[in-house]
Amino acid sequence: MSYTKRVLEKVIKLNPNEPEFHQAATEVLTSLQPYVDAHPEYEKAGILERLCEPERIIIFRVPWIDDSGKVQVNKGYRVQFNSAIGPYKGGLRFHPSVSLSIIKFLGFEQVLKNSLTGLPIGGGKGGSDFDPKGKSEREIMAFCQSFMTELYRHIGEDTDVPAGDIGVGEREIGYLYGQYKRLVNSFSGVLTCKGLSYGGSLGRTEATGYGLVYLVEEMLRQHGHSIEGKTVAVSGAGNVAIYATEKVQQLGGKVVSMSDSDGFVYDAEGIDLQVVREIKEVRRGRLSEYARYRKNAVYTPGKGIWNIKCDIALPCATQNELNEEDAKELIKNGVIAVGEGANMPTTLRATEMLIENRVLFVPGKAANAGGVAVSGLEMSQNSTRTAWSFEKVDRKLREIMINIYDNISSVAKEVGQEDNFVVGANVAGFKKIADAMMRQGIV
Ligand code: NDP
Ligand code: 2IT
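Quick caveat, the model's predicted, so the values are computed rather than measured.

Enquirer: Please clarify how a nonpolar patch on the surface should be interpreted in this entry.
Expert: Side chains of I65, V71 and V73 sit close together on the surface and give an oily, nonpolar patch of about 280 Å² of accessible area. If you trace the backbone, I65 turns up in strand β1 (residues 56–65). Look at I65 and you get partly exposed, because its relative accessible area is 46%.

Here's what the structure looks like:
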């Protein structure tokens, strides 16, 4: 049995009840097999066993008091996965579904994603099963302060730099940052996605969505297409979905759908982003309200967004939101490209089907790397105490995304799998990490 298969079996056996982590490890190790087989020195150095085992996992109690005076307790996590190429870097997710499995899959993906950005950042992820939905401003602040009261001792600008993810935006980062600063008495770049008035970077809010569209546009260009005039289905209605939609619209594409965890809207005339932002960003409401503002739009509760006919699909909500049935429907409707704005939104089987049917498929670790890339630029600005213009950040983001596309597509070709960007991204991301680990000895 090959080295990759043996390691995968062991990972599954030694980490029971972690289906999302198994899924991410399966995808990565399967695509690394031919490359790793050709490099027996990796087995000798135990590279894959080390790649799949986080350097450190911190799990902690987060007690806080709700508005009725009742004590609540949540679980907090930080998985410091790999620091071979830089300080641990990755977001914090606050969502009731958060488990060790979810944080490990996200951390594992983050290691390879951060490598692809070309910046010196290692990989980590954290979060909590806390549900920000329906909480008062005071409850959010109390939770964030309690979360940081434990986390602060494990992080630092040169050690581990958390950021946002699902349920963690600028508001939460602000409360987390304030508490960190109070505890350590130091103003540093320990978190990214900060507000602009206290060290945040222009362009970070837009970065993941814009970056996704820059990369997809480059991929389309290299295959004789463009976004202009295309019909695009976007899922989600959060940070990534909103700015992906904005960039598609700027490039002349038409986004006809968005969704949240309750259902999706179809707007044949093109999504009115002002309405979505008013509902989601300003009022923190539900997308079902969209149809009240736009008479011809249709809101459908539940799943089904991928039945919408589109040229390009951008899943930007959450893991495993696009399954085999959805892939069949997209293929039947003639989809050209799928770009993952979310982390692992496409199931393993759906991914295989899309690639087999020659759909241009870019996995999240490449397609959504713009967010963490601009976080890396935020770190650079913080450590030199400078603030760049939006145009400078946006130009660098676009360059980084085009470089990522060039890198994953040329590596895919090199290993004889032209246009298989899953293999391209995994091998390209792995190369740099493996090289750094080899040079640093058995640590
Ligand atoms: P937000 O919290 O801003 O938005 C998340 C969106 O996805 C909301 O519309 C939410 O709906 C929906 N959603 C969340 N969970 C579920 C679920 N279980 N089922 C259905 N819909 C769900 O998060 P982001 O936009 O920041 O993140 C979206 C994805 O992008 C995630 O996979 C994240 O890991 C990834 N990502 C984010 C980056 C960033 O910079 N923010 C960078 C790279 C990747 P509802 O409001 O109903 O919960
Ligand atoms: O999944 C991701 O890449 C993020 N949530 C962003 C991480 C970061 O450190 O900006």
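Enquirer: Explain the side chain of S2 here, please?
Expert: With respect to the helices and strands, S2 occurs in the segment before α1 (3–14). Since its relative accessible area comes to 16%, S2 is described here as buried. A distance of 3.1 Å separates a polar atom in the side chain of S2 from a polar atom in the side chain of T4. Contacts of S2, omitting those with residues within four sequence positions, involve Q33 and D37.

Enquirer: Which parts of the structure should I look at to understand the pattern of salt bridges?
Expert: Under the criterion given, the structure shown has 27 salt bridges. The salt bridge partner of R221 is E218, with a shortest N-O separation of 3.0 Å. Of the two residues, R221 and E218 both sit in helix α8 (residues 204–221), three residues apart, roughly one turn of that helix. Judged by its relative accessible area of 6%, E218 falls in the buried class.

Enquirer: Can you walk me through the nonpolar core in this structure?
Expert: Side chains of nonpolar character tend, in soluble globular proteins, to be buried together. Formed by 100 residues in total, the largest nonpolar core has its most connected members in L48, F108, M258, V276, L314 and F430. The element contributing the most residues to this core is helix α17 (residues 421–439), with ten residues. Among the nonpolar cores identified, the runner-up in size contains 24 residues, and C144, L151, V168 and L191 belong to it.

Enquirer: Help me understand the environment of L51, please; the structure alone is not making it clear to me.
Expert: The residue L51 is located in helix α4 (residues 47–51) in this model. For the pair L51 and H39, spaced twelve residues apart in the sequence, the C-alpha separation amounts to 15 Å. Apart from the residues lying within four places of it in its own chain, the contact partners of L51 are F81, N82, F108, F430, I433 and M437.

Enquirer: When you look at the site of ligand 1 in this model, what are you seeing that I'm missing?
Expert: Taken together, 26 residues lie near ligand 1, and D165, T208, S261, R286 and N343 sit nearest. One nitrogen or oxygen atom from the side chain of T208 is found 2.8 Å from an oxygen atom belonging to ligand 1. Within the side chain of S261, an N or O atom sits 2.4 Å from an oxygen atom of ligand 1. Computed on the free molecule, ligand 1 has an accessible area of 880 Å², of which 84% lies beneath the protein chains in the complex. Among the elements of the structure, α8, α9 (239–250) and β7 (254–260) are those that each provide at least two residues to the shell around ligand 1. Per-class residue counts for the shell around ligand 1 are six nonpolar, twelve polar and eight charged.

Cut-offs used in this document
- Residues numbered from 1 in each chain as written.
- Chains lettered and ligands numbered in written order.
- Predicted model: local features only at pLDDT ≥ 70, side-chain atom pairs only at ≥ 80, totals over all residues.
- Heavy atoms only, no water.
- Patch = residues over 30% accessible without salt bridge, like charges linked within 9 Å, V, L, I, M, F, W, Y side chains within 5 Å.
- Areas by Shrake-Rupley, 256 points an atom, 1.4 Å probe, with all protein chains shown as cover.
- Salt bridge = Lys/Arg side-chain N within 4 Å of Asp/Glu carboxyl O.
- Helix = DSSP H or I, 4+ residues; strand = E, 2+ residues; numbered from the N terminus.
- Buried < 20%, exposed > 50% of the residue type's maximum accessible area, 1.4 Å probe, protein only.
- Polar contact = N/O pair within 3.5 Å; in protein donor to acceptor, adjacent residues only side chain to side chain.
- Contact = heavy atoms within 4.5 Å.
- Core = buried A, V, L, I, M, F, W, Y, C linked by side-chain atoms within 4.5 Å.
- Near = heavy atom within 4 Å.
- Nonpolar A, V, L, I, M, F, W, Y, C, P; charged D, E, K, R; others polar.

All we've got here are geometric facts, nothing functional implied.
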